[in-house]
Amino acid sequence: MSPPRTLLLLALWLLLHQAAPGEGCQSGLFTKAGDCCTTCPPGSGVLFPCGDSDTECEPCRANATFSDIHSATDKCQPCSSCQGATQSVQSACTSKRDTACRCPDGNYLHLESGACLPCQLCPKGSGAKAACTRTENTKCEECPRGFYSEVKSSVSPCLTCRSQCNEKEVEIGECTAHHDLLCMDKDVPILKRTDKDENSTLSGSPHFVPPEDNSKNIIPVYCSVLAAVVIGLIGYVAFKCWSSCKQKKLLTKTRAGEMATSGEGEKLHSDSGVFLDTHSLQEQNQLNKAAKLEPKLYINLPPHKQEEVESLLADTSRGKDWQRLANLLGYEEEAIDTFSRGEDPVHTLLTDWSSKDSSTLEVLCAALVNMERADVVETLNSTTDASSVV
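Heads up: these notes are all about the structure in this document.

Parameters and conventions
- Residues numbered from 1 in each chain as written.
- Predicted model: local features only at pLDDT ≥ 70, side-chain atom pairs only at ≥ 80, totals over all residues.
- Heavy atoms only, no water.
- Phe/Tyr/Trp six-rings, centres within 6.5 Å; stacked < 30°, edge-to-face > 60°.
- Helix = DSSP H or I, 4+ residues; strand = E, 2+ residues; numbered from the N terminus.
- Buried < 20%, exposed > 50% of the residue type's maximum accessible area, 1.4 Å probe, protein only.
- Salt bridge = Lys/Arg side-chain N within 4 Å of Asp/Glu carboxyl O.
- Arc of directions from axis to C-beta.
- Core = buried A, V, L, I, M, F, W, Y, C linked by side-chain atoms within 4.5 Å.
- Contact = heavy atoms within 4.5 Å.
- Polar contact = N/O pair within 3.5 Å; in protein donor to acceptor, adjacent residues only side chain to side chain.
- Patch = residues over 30% accessible without salt bridge, like charges linked within 9 Å, V, L, I, M, F, W, Y side chains within 5 Å.
- Areas by Shrake-Rupley, 256 points an atom, 1.4 Å probe, with all protein chains shown as cover.
- Pairing = 2+ DSSP bridges.
- Axes fitted to C-alpha atoms, helices over the stretch in contact; angles between N-to-C directions.
- Parallel < 35°, antiparallel > 145°, perpendicular 65-115°, else oblique.
- Left-handed = near helix turned anticlockwise from the far one by under 90°.
- Nonpolar A, V, L, I, M, F, W, Y, C, P; charged D, E, K, R; others polar.
- Disulfide = S-S within 2.5 Å.

## Overview of the packing of aromatic side chains
And then number 1: Going through the model one piece at a time under the given rule, you end up with three aromatic pairs.
And then number 2: Ring centres 6.1 Å apart and planes at 50 degrees place the aromatic pair tyrosine 298 and tryptophan 353 in the tilted group. With a gap of 55 residues between them, tyrosine 298 in the loop between helix 5 (278-293) and helix 6 (303-313) and tryptophan 353 in helix 9 (residues 345-354) connect regions that are remote in the sequence. The pair formed by tyrosine 298 and tryptophan 353 is uniform in burial state, with each residue classed as buried.

What follows is the structure, given as structure tokens:
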């Protein structure tokens, strides 16, 4: 063998010898001494990378760091946390696996932004080629011929159309991407076959006849109800008229009886020849009697008379008669003391007492007589007599 050829073979052997160790090295890295660098398994990360010496690994801390790959360069990575109020933890972080977050139903986790986004709804006529998952959005496709989708959904695929209607049904619409084959029961009342169609063997398709109009049968019922209402109204009006006439006759008979028993009415009728309605006279007499029986209230006295009474009672030469009057009218010592603090206690007393229902002149006169104040009683009586003169 010639020297040049020997040198060439030796060089090739050296190249092959150097390449062979790299082929069996998992990390693809070597120390300075030419040894293959060790990779750290899942659950551990690189503490000191390969260089002068081999790789040094350290275990990842649960719920803090993790590593899910074989590596001679990567350290343990920090665990992720679920973001936002809508995300929840599906599985906790371990030394070999990162935290897995879960979005609410109908949403998926967008890995780039880390936010929960709503799953896409495939429209009618389209189905879900790939349903929405925890981290992947829905992938939709239009329903091909022979398939349909009648709903908006993020999980429902296109469904296969029915091939034909059954024996008891008749086809009324073919299958489209938006709906299945449309069939109708042959026994439906609006589906009828006419004699002309029965004799025809060419067509064989049913003839749709609109349902019979029954509105004409309802008209007599409406008329009967209306007639009953009208008859009822007529009866009600007749009853009211009869009741009113009966009351008028009874009132006339009563007035006639009163006239017969009234001597004054007969005298006026016989003496003057003029008829006087005794019923009106009786009503006037009753009003006069009621006016006489009605108690006279102190508050109805003219203002100047009230001032005259107050002036007599306020006369200090006779003592504090207004306090005695207050006691007789039913006032307590506390109320009397309150009245005395005012500028005009007599006016305050009589004004307060006149607002009561029992503030009649008879009650006031009785109290004044008990006090021996005849002068005030005389003033009140003169006022009463003057007001009763007609």
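## Here's the deal with the pattern of salt bridges
And then number 1: Inspection of the entire model under this criterion finds five salt bridges.
And then number 2: Between glutamate 308 and lysine 305 there is a salt bridge, and its shortest N-O distance comes to 3.5 Å. Placement of both glutamate 308 and lysine 305 in helix 6 is noted, with a separation of three residues, approximately one turn of the helix.
And then number 3: Looking at lysine 305, the relative accessible area reads 19%, which means it is buried.
And then number 4: For aspartate 337, the salt bridge goes to arginine 341, with nearest N and O atoms at 2.8 Å.
And then number 5: Here aspartate 337 falls in the partly exposed class, since its relative accessible area comes to 36%.

## Looking at helix 6
And then number 1: What helix 6 keeps buried is the set Lys305, Gln306, Val309, Glu310 and Leu313. Buried residues along helix 6 cover an arc of 135 degrees about the axis, so they all sit on one side. Exposed and oriented more than 90 degrees from the buried face of helix 6 are Pro303, His304 and Glu307.

## As for the nonpolar core
And then number 1: Among the nonpolar cores identified, the biggest contains 24 residues, and Tyr298, Leu313, Leu325, Tyr331, Leu368 and Leu380 are the most heavily contacted of them.
And then number 2: Take this core: its biggest share by element is five residues, from helix 10 (residues 361-370).
And then number 3: Contacts of leucine 325, omitting those with residues within four sequence positions, involve Leu313, Leu349, Leu350, Leu364, Ala367, Leu368 and Met371.

## Considerations on the side chain of serine 153
And then number 1: Mapped onto the elements, serine 153 comes out in the loop between strand 11 (147-148) and strand 12 (159-160).
And then number 2: A distance of 3.0 Å separates the side chain of serine 153 from the backbone nitrogen of serine 156, its partner in a polar contact.
And then number 3: Once residues within four sequence positions are removed from consideration, serine 153 is found in contact with Gln120, Leu121 and Cys122.

## Some details on a nonpolar patch on the surface
And then number 1: Together, Ile218, Val221, Tyr222, Val225, Val229 and Leu233 give the surface a local cluster of nonpolar side chains, amounting to about 580 Å² of exposed area.
And then number 2: Here valine 229 is to be found in helix 3 (residues 215-261).
And then number 3: The class of valine 229 is partly exposed, set by a relative accessible area of 46%.

## Concerning the pairing of strand 7 (residues 107-110)
And then number 1: Pairing geometry for strand 7 and strand 8 (residues 115-118), over four bridges, is antiparallel. Residue pairing across strands places tyrosine 108 opposite leucine 117, the latter belonging to strand 8.
And then number 2: With antiparallel pairing between neighbouring strands as the criterion, strand 7 and strand 8 make up a hairpin whose turn holds four residues, including glycine 114 at a positive phi of roughly 75 degrees.

## Observations concerning the packing of helix 7 (residues 321-328) against helix 10
And then number 1: Two elements in contact, helix 7 and helix 10, have axes whose closest approach is 10 Å; the angle formed by their N-to-C orientations is 125 degrees. In terms of orientation, helix 7 and helix 10 fall into the oblique class. Between helix 7 and helix 10 lies a crossing of right-handed hand. Facing helix 7, whose interface residues are Arg324, Leu325 and Leu328, helix 10 presents Leu364, Ala367, Leu368 and Asn370.
And then number 2: When grouped by side-chain class, the residues that make up the contact of helix 7 with helix 10 number five nonpolar, one polar and one charged.

## Some points on the state of the cysteines
And then number 1: Overall, the coordinates contain 12 disulfides when judged by the stated rule.
And then number 2: The disulfide partner of cysteine 60 is cysteine 76, and the gap between their sulfur atoms is 2.0 Å. On the sign convention where negative is left-handed, the bridge of cysteine 60 and cysteine 76, at about -90 degrees about the S-S bond, is left-handed. Here cysteine 60 is found in the loop between strand 2 (56-59) and strand 3 (65-66), whereas its partner cysteine 76 is found in the loop between strand 3 and strand 4 (77-78), with 16 residues between them in sequence.
And then number 3: Relative accessible area serves as the criterion here: at 9%, cysteine 60 is assigned to the buried category.
And then number 4: Residue cysteine 119 pairs covalently with cysteine 132 via a disulfide, S to S 2.0 Å. What sets the handedness of the cysteine 119 and cysteine 132 disulfide is the S-S torsion sign, and at about -60 degrees it is left-handed. One end of the pair, cysteine 119, is in the loop between strand 8 and strand 9 (126-130); the other, cysteine 132, is in the loop between strand 9 and strand 10 (139-142), with 13 residues separating them in the sequence.

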